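Chain residues, written in single-letter form:
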Protein chains: 2
Amino acid sequence: MKALSERQQQILSFIEEFIEEHDYPPTVRDIQSGCGISSTSVVSYNLDRLKDSGALSRDSEVSRGLKLAGQKSGTAAPVGIDTVAVPLLGTIAAGSPFPMPENDTWSDLTGQELIDLPQAIVGLGDNLYALKVRGESMIDALISDGDLVIMEQASSVRNGQMAAVRIKSDNTTTLKHFYAEGPRTRLEPANSQMEAMTFNSSDVEVISRVIAVWRYMG
Amino acid sequence: MKALSERQQQILSFIEEFIEEHDYPPTVRDIQSGCGISSTSVVSYNLDRLKDSGALSRDSEVSRGLKLAGQKSGTAAPVGIDTVAVPLLGTIAAGSPFPMPENDTWSDLTGQELIDLPQAIVGLGDNLYALKVRGESMIDALISDGDLVIMEQASSVRNGQMAAVRIKSDNTTTLKHFYAEGPRTRLEPANSQMEAMTFNSSDVEVISRVIAVWRYMG
DNA sequence: ATAATTTCCGAACATTAGTGCGGATGCAAT
DNA sequence: ATTGCATCCGCACTAATGTTCGGAAATTAT
């Protein structure tokens, strides 16, 4: 195996830096100017050498068809833990209309702020989204201003779970522990020092299940 | 925010797959044939839309100058978010001796349960550790049984921050908001409905600063 | 229905970008 | 020196690639 010339190493590391910066490989002319070479053919020539030596692979006749040899194939995760991207859909405040992804736009979350959470602590639940809590209206559920609540879409929950529920007659929305008791539904705050309230089950609409709460005060 | 059309989503996922396979972005014509579009201008048009919506960024006039928005910069590490491994040192309960890593064993965390948290939401703080809360003794700090508190070693904190403090005379340890007021130190729970308490500053020892709280009820 | 908007088409056009080729230049072996 | 080989130059050429524009078609709003 022939050793790489200085120029070849220079080109190689330029390619590396370029990809690092742009997320796509350089053109022959990018390399030319980047390495202070006076002719594209020189680049072409050395690229062939590098290909021969196996330092990089190349889709010929294709612009930017370069791939560093040492590079991981594909984008499959080489390191890093499994994460779930959770869209931050908005804020939640007492009584405000509760933000919630509509079915048809569920897959259309582009542009939304995404929060990466480790799968290990979120679980692999689907249909997750996050809301930022504004105000102290959830204080009785041990949730305060600035907290991030991770929610999962659900139309029903098991007794005892915390959920975002809407009292139709009040048109208010809060987070409470949910207990269905036949025709009546009892909602009790997480703080046991607070009083529970009971409503007609038909007056209570479950919107989402609360998966987790994240409070950061760094 | 305008929703993405079907075609735009189609293009978006094609780009994603293409990069996955080639390690460099597709050309307009790659997208054209890949998505069964009859004109390059349609691709160009939708690429502009996608750029407007922020779904991808684009180096215009540059071949293959595409970059997916969600993508981490730098292809070297294709995916995987930065995470910080936080050791779960034990549990905290009212009055119990507060677990805390000793300096000489700090680096010896082998066998400890580690919790990976995204750096983005934890910050890059060093000397972090986690404790699981047992019992409802922290209820007045909006922290309940089963919660995970992320802490940072600290011997002092700024006023208003939440910290694990030990009342020497009581030999109790709790989480409270901390306010140094000269010779006296006021500790007040996060729940404003609760009363604050004041102690001689010399009787209060700061153990750790609370960085974050994680409550999971999946 | 009618108008407005969005999306698509086709076909040119203008760069950008990869390749080829004759001829230097530099260096080492003969 | 002369030869051989690896590099490098310039330049031209062709293919690849992004852009533009008038108008049609589809969709949505009025």
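Let me begin by describing the structure that accompanies this report.

Here is what the cut-offs are and how they apply
- Residues numbered from 1 in each chain as written.
- Chains lettered and ligands numbered in written order.
- Predicted model: local features only at pLDDT ≥ 70, side-chain atom pairs only at ≥ 80, totals over all residues.
- Heavy atoms only, no water.
- Patch = residues over 30% accessible without salt bridge, like charges linked within 9 Å, V, L, I, M, F, W, Y side chains within 5 Å.
- Areas by Shrake-Rupley, 256 points an atom, 1.4 Å probe, with all protein chains shown as cover.
- Salt bridge = Lys/Arg side-chain N within 4 Å of Asp/Glu carboxyl O.
- Lys, Arg positive; Asp, Glu negative; His and termini not counted.
- Charge placed at Lys NZ, Arg CZ, Asp CG, Glu CD.
- Helix = DSSP H or I, 4+ residues; strand = E, 2+ residues; numbered from the N terminus.
- Buried < 20%, exposed > 50% of the residue type's maximum accessible area, 1.4 Å probe, protein only.
- Near = heavy atom within 4 Å.
- Polar contact = N/O pair within 3.5 Å; in protein donor to acceptor, adjacent residues only side chain to side chain.
- Nonpolar A, V, L, I, M, F, W, Y, C, P; charged D, E, K, R; others polar.
- Phe/Tyr/Trp six-rings, centres within 6.5 Å; stacked < 30°, edge-to-face > 60°.
- Lys NZ or Arg CZ within 6 Å of the ring centre and 35° of its normal.

## Let's talk about a negative patch on the surface
Residue and element names in this part refer to chain A. Together, E16, E17, E20 and E21 give the surface a local cluster of negative charge. Here E21 is to be found in helix α1 (residues 6-22). A relative accessible area of 59% means that E21 is categorised as exposed.

## Details of the protein's contact with DNA strand C
Contacts to DNA strand C come from 24 residues, most closely from V28 and R29 of chain A together with S38, S39 and Y45 of chain B. Among all atoms of DNA strand C positioned within 4 Å of the protein, those belonging to sugar or phosphate total 60%. At a separation of 2.6 Å, a base oxygen of DNA strand C approaches a polar side-chain atom of R29 of chain A. The set of elements that each furnish at least two residues to the surface near DNA strand C consists of α2 (28-34) and α3 (40-53) of chain A together with α1 (6-22) and α3 (40-52) of chain B. If you tally residues by element for the surface near DNA strand C, the top one is α3 of chain B, at 6 residues. Its residues placed into classes, the surface near DNA strand C shows 5 nonpolar, 13 polar and 6 charged.

## Some remarks on the packing of aromatic side chains
In this structure the tally under the stated criterion is 5 aromatic pairs over all chains. Seen from their ring centres, F14 of chain B and F18 of chain B are 5.9 Å apart, and the 50° between their planes marks the pair as tilted. Placement of both F14 of chain B and F18 of chain B in helix α1 is noted, with a separation of 4 residues, approximately one turn of the helix. Across the pair, F18 of chain B and F14 of chain B agree in class, each one buried. Every member of this aromatic cluster is reached through a ring pair, and the members are F14, F18 and Y24 of chain A. When the ring centre of Y179 of chain A is taken as reference, the NZ or CZ atom of R186 of chain A above it lies at 4.5 Å.

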